[in-house]
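# An overview of the molecular structure
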Amino acid sequence: MRIGIDKDTCIGAGQCALTAPDVFTQDDDGYSTLRPGREDGGGSALVREAARACPVGAITVSERVG
């Protein structure tokens, strides 16, 4: 799984961190970031739900090919 966060789109609503706190957190400025070691989602079933919860669509989730 590949997770992308568009830093220019993110408004820091924090819905991703609330939905999948084992994968997402917020940086010192309040914007979404991935937890270290969780760049591939860490097997969390909530990653796609977190992407849907983002009010501005700043998170993309795709299957890793290869």
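The protein chain appears in an unreviewed UniProt entry as Ferredoxin from Streptomyces coelicoflavus. The annotation that UniProt attaches to the protein chain under Cofactor (unreviewed entry) is "[3Fe-4S] cluster". Check the Function (unreviewed entry) section of the UniProt entry for the protein chain; it says "Ferredoxins are iron-sulfur proteins that transfer electrons in a wide variety of metabolic reactions."

On to the environment of Ile3. Positionally, Ile3 belongs in strand E1 (residues 2–5). According to the relative accessible area criterion, Ile3 is buried, its value standing at 10%. Separated by 20 residues in sequence, Ile3 and Val23 place their C-alpha atoms 9.9 Å apart. If we skip the residues at most four places from it in the chain, Ile3 touches Val23, Phe24, Leu34, Arg38, Glu39, Asp40, Gly41, Val47, Ile59 and Thr60.

Criteria and thresholds
- Residues numbered from 1 in each chain as written.
- Predicted model: local features only at pLDDT ≥ 70, side-chain atom pairs only at ≥ 80, totals over all residues.
- Heavy atoms only, no water.
- UniProt positions renumbered as here; feature names shortened; annotations may be inferred.
- Helix = DSSP H or I, 4+ residues; strand = E, 2+ residues; numbered from the N terminus.
- Buried < 20%, exposed > 50% of the residue type's maximum accessible area, 1.4 Å probe, protein only.
- Contact = heavy atoms within 4.5 Å.

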